Amino acid sequence: MNIRLESSSPEETHALGTKLGKLLQGGDVLCLIGDLGAGKTALAKGIGEALNVQEPMTSPTFTFIIEYQANAQGTPVRLVHMDLYRLNHPEEAEVIGVGENFQEDRICLIEWPEIAEDILPEDVLELRMEGSGEEKRVITFHSQSAHWTERLDGNL
Ligand SMILES: Nc1ncnc2c1ncn2[C@@H]1O[C@H](COP(=O)(O)OP(=O)(O)OP(=O)(O)O)[C@@H](O)[C@H]1O
Ligand SMILES: [Mg+2]
């Protein structure tokens, strides 16, 4: 997969999330990778809008995992937004139940997923966000799994 997008404002990042969100379905797991302030949560909120999340989405910085009722292409799903930045050991990811969310009726967005890499499904979609402050963001997509290429190519 060779998708590379640029965003020059928080609004553009949100809009990109909305476009991406419309392509998602239950069972999808997205890893949002990038430094503090890269725009991971901004993108996640855009995805939530596309998935018809009605509650305001807040950052799971201190709660690790926040779930929302959502709807993906007409099917009810749970949107599970995680932020694992404050975990120190891989076992903690298991203790807080990260792996229990990889299910067909859930869409998972994981900020700071590195600590849980051993328990992530193989076909995750990775989004890397580069840039900080007022710089433009460069967002690249990676996956080991061909189905993501088919679903995303030409649609973002
Ligand atoms: N092009 C852009 N895209 C996204 N955010 C931007 C952009 N330009 C500036 N910003 C600002 O960068 C910040 C991104 O914050 P956000 O909480 O989304 O980052 P994050 O990657 O989730 O960080 P953390 O690792 O702390 O959770 C916001 O303050 C936003 O206004
Ligand atoms: Mg965040």
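Chemist: I'd like a rundown of the packing of aromatic side chains, residues and numbers included.
Modeler: Summed over the entire model, instances satisfying the criterion amount to one aromatic pair. A centroid spacing of 4.8 Å and a plane angle of 55 degrees characterise the contact between Tyr85 and Trp112, whose relative ring orientation is tilted. Of the two residues, Tyr85 sits in the loop between strand 4 (75–83) and helix 3 (90–95) while Trp112 sits in the loop between strand 5 (106–111) and strand 6 (125–130), which places them 27 residues apart along the sequence. Given a relative accessible area of 37%, Tyr85 falls into the partly exposed group. The lysine or arginine in question, Arg151, covers the ring of Trp148, its NZ or CZ lying 4.2 Å from the ring centre.

Chemist: If you had to explain the coordination of the magnesium ion (ligand 2) to someone new, which residues and values would you point to?
Modeler: At the metal site, the magnesium ion (ligand 2) is ligated by Thr41 (OG1) and Glu111 (OE), and these contacts range over 2.0 to 2.1 Å. In this pair, Thr41 sits in helix 2 (residues 40–50) while Glu111 sits in strand 5, placing the two residues 70 residues apart along the sequence. For Thr41, a relative accessible area of 17% puts it in the buried group.

Chemist: Tell me about the sheet that holds strand 6, residues and numbers included.
Modeler: Spatially, seven strands are ordered 1-7-6-2-5-4-3 in an open sheet, and the strand pairing comes out mixed. The two strands at the open ends of the sheet, each matched to only one other strand, are strand 1 (3–7) and strand 3 (65–72). With direction set aside, neighbouring strand axes in the sheet form an average angle of 20 degrees. Inspection of the sheet shows strand 2 (residues 29–33) paired to strand 6 by four bridges, in the parallel sense. Its bridge partner being in strand 6, Leu30 is matched across the sheet by Leu125. Along the sheet, helix 1 (residues 10–21) contacts strand 1, strand 2, strand 6 and strand 7 (137–143); its crossing angle with strand 1, the most-contacted strand, is approximately 145 degrees.

Chemist: So what's going on with the site of ligand 1? Which residues, and what values?
Modeler: Around ligand 1, the structure places 18 residues, and the nearest of them are Thr13, Gly39, Lys40, Thr41 and Trp112. Contact distances for ligand 1 include 2.5 Å between a nitrogen atom and a side-chain N or O atom of Thr13. Ala42 is positioned such that a nitrogen or oxygen atom in its backbone is 2.9 Å from an oxygen atom of ligand 1. For ligand 1, whose accessible area on its own is 640 Å², the fraction buried by protein is 75%. If you list the elements that add at least two residues to the shell around ligand 1, you get helix 1 and helix 2.

Here is what the cut-offs are and how they apply
- Residues numbered from 1 in each chain as written.
- Chains lettered and ligands numbered in written order.
- Predicted model: local features only at pLDDT ≥ 70, side-chain atom pairs only at ≥ 80, totals over all residues.
- Heavy atoms only, no water.
- Phe/Tyr/Trp six-rings, centres within 6.5 Å; stacked < 30°, edge-to-face > 60°.
- Helix = DSSP H or I, 4+ residues; strand = E, 2+ residues; numbered from the N terminus.
- Buried < 20%, exposed > 50% of the residue type's maximum accessible area, 1.4 Å probe, protein only.
- Lys NZ or Arg CZ within 6 Å of the ring centre and 35° of its normal.
- Donors = N, O, S within 2.8 Å, 3.2 Å for Na, K, Ca; no water.
- Pairing = 2+ DSSP bridges.
- Axes fitted to C-alpha atoms, helices over the stretch in contact; angles between N-to-C directions.
- Contact = heavy atoms within 4.5 Å.
- Near = heavy atom within 4 Å.
- Polar contact = N/O pair within 3.5 Å; in protein donor to acceptor, adjacent residues only side chain to side chain.
- Areas by Shrake-Rupley, 256 points an atom, 1.4 Å probe, with all protein chains shown as cover.

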